[in-house]
Amino acid sequence: DLPKVYISIGTVIVDSRKAFFERMVEALGNKPVTVIAATDPKILDVWPDNFIVQGYVPQSELLKHVDVVIGHGGLNTVCDTYMNGIPMLVIPMAFDQSHTAQLIENYGCGIRLKYRRMRVHGIEYAVNELIYNKKYKKAAEEIQQSFIEAGGNKSAAKMLEKLIENKE
């Protein structure tokens, strides 16, 4: 059973999508991993056999079955990733993603690559490190546990309600 890698760069970053996935194909195409890519399959003419490419992926369900996530550091994917205790290769592209990537790197639950300096060798190395060096999985599971202990969405909603009540 090959390791599974999920790639998502969200819905906001459109201009860089083709170049991003071309680099991922160069790095991970026909390697001993199964890659699930959440993107429009038409952005590339040919995808390697080890890539499963879908415009829509049920991310919350899929993450229960993958070993590594590659993303741009958008909070939705980051939170879903760590809620499932999965290490992440984070490649920030814009907005607050660089800050999020720094937090991931600082905690040791993922590896950060700079988008403009992203090289095939760096991607290959990072993915292998995240799959086979168990320190990343352990750190990701610690984040998962902290999310569970914090109470998740229901707890956050209650805190917000309380905050609003206190302001009125």
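All of the points below concern the structure found in this document. (Residues numbered from 1 in each chain as written. Predicted model: local features only at pLDDT ≥ 70, side-chain atom pairs only at ≥ 80, totals over all residues. Heavy atoms only, no water.)

Time to look at unusual backbone geometry. The backbone phi angle of asparagine 30 is positive, close to 55°, even though this residue is not glycine. Tracing the backbone through its elements, the reader meets asparagine 30 in the loop between helix H1 (17-28) and strand S2 (34-38). Among the residues examined, asparagine 30 registers a relative accessible area of 60% and is labelled exposed. (Helix = DSSP H or I, 4+ residues; strand = E, 2+ residues; numbered from the N terminus. Buried < 20%, exposed > 50% of the residue type's maximum accessible area, 1.4 Å probe, protein only.)

It is worth spelling out the nonpolar core at this point. Residues Ile7, Phe20, Leu28, Ile70 and Leu89 are the most contacted members of the largest nonpolar core, which totals 31 residues. Sorting the residues of this core by element identifies strand S1 (4-8), H1, S2, strand S3 (51-54), strand S4 (68-71) and helix H5 (120-132) as the ones contributing at least two each. Per element, the largest residue contribution to this core is 6 residues, and it comes from H1. Excluding its chain neighbours within four sequence positions, the residues that come into contact with leucine 89 are Val69, Ile70, Gly71, Ile111, Leu113, Ile123, Ala126, Val127 and Leu130. (Core = buried A, V, L, I, M, F, W, Y, C linked by side-chain atoms within 4.5 Å. Contact = heavy atoms within 4.5 Å.)

This next bit is on the pattern of salt bridges. Counted under the stated rule, the structure contains 7 salt bridges. Between arginine 23 and glutamate 26 there is a salt bridge; the shortest N-O distance is 3.8 Å. Here arginine 23 and its partner glutamate 26 are both found in helix H1, 3 residues apart, which amounts to about one turn of the helix. With relative accessibility at 49%, the residue glutamate 26 sits in the partly exposed group. Residue lysine 31 pairs with glutamate 124 through a salt bridge whose shortest N-O separation is 2.8 Å. Placement of the pair is lysine 31 in the loop between H1 and S2 and glutamate 124 in helix H5, with a sequence separation of 93 residues. Since its relative accessible area comes to 24%, glutamate 124 is described here as partly exposed. (Salt bridge = Lys/Arg side-chain N within 4 Å of Asp/Glu carboxyl O.)

Further remarks concern the side chain of glutamate 129. Turning to its location among the elements, glutamate 129 is positioned in helix H5. Summary of buried charges: glutamate 129 has no salt-bridge partner, and the nearest side chain of opposite charge, lysine 135, is 5.0 Å away. A polar side-chain atom of glutamate 129 sits 2.8 Å from a polar atom in the side chain of asparagine 133. With residues up to four places along the chain from it excluded, the contact list for glutamate 129 reads Ile111 and Tyr136. (Lys, Arg positive; Asp, Glu negative; His and termini not counted. Polar contact = N/O pair within 3.5 Å; in protein donor to acceptor, adjacent residues only side chain to side chain.)

When we look at burial in helix H4 (residues 97-107), the residues that qualify are Gln97, Thr100, Ala101 and Ile104. End-on view of H4: buried residues confined to an arc of 100°, all on one side of the axis. Of the exposed residues in H4, the ones pointing more than 90 degrees away from its buried face are His99 and Asn106. Buried positions along H4 lie against helix H3 (75-83), strand S5 (88-90) and strand S6 (110-112). Glycine 108 sits one or two positions beyond H4 and adopts a positive phi of about 85°. (Arc of directions from axis to C-beta.)

Ordered by their spatial adjacency, 6 strands build an open sheet running S3-S2-S1-S4-S5-S6, and the pairing between neighbours is parallel. Each edge of the sheet is formed by a strand with only one pairing partner; in this case those strands are S3 and S6. Here the strands of the sheet are splayed against their neighbours by 15° on average, with no regard to which way each runs. Bridge analysis of S1 against S2 gives 5 bridges, and the strand direction is parallel. By the bridge assignment for S2, tyrosine 6 is matched with isoleucine 36. Relative to S5, H3 is tilted by about 160°, and along the sheet it contacts S1, S4, S5 and S6. (Pairing = 2+ DSSP bridges. Axes fitted to C-alpha atoms, helices over the stretch in contact; angles between N-to-C directions.)

Within the element layout of this structure, valine 68 appears in strand S4. Distance in space between the C-alpha atoms of valine 68 and alanine 139 is 13 Å, their sequence separation being 71 residues. With sequence-adjacent residues up to four places away left out, valine 68 is seen in contact with Lys4, Val5, Tyr6, Ile86, Pro87, Val127, Leu130 and Ile131.

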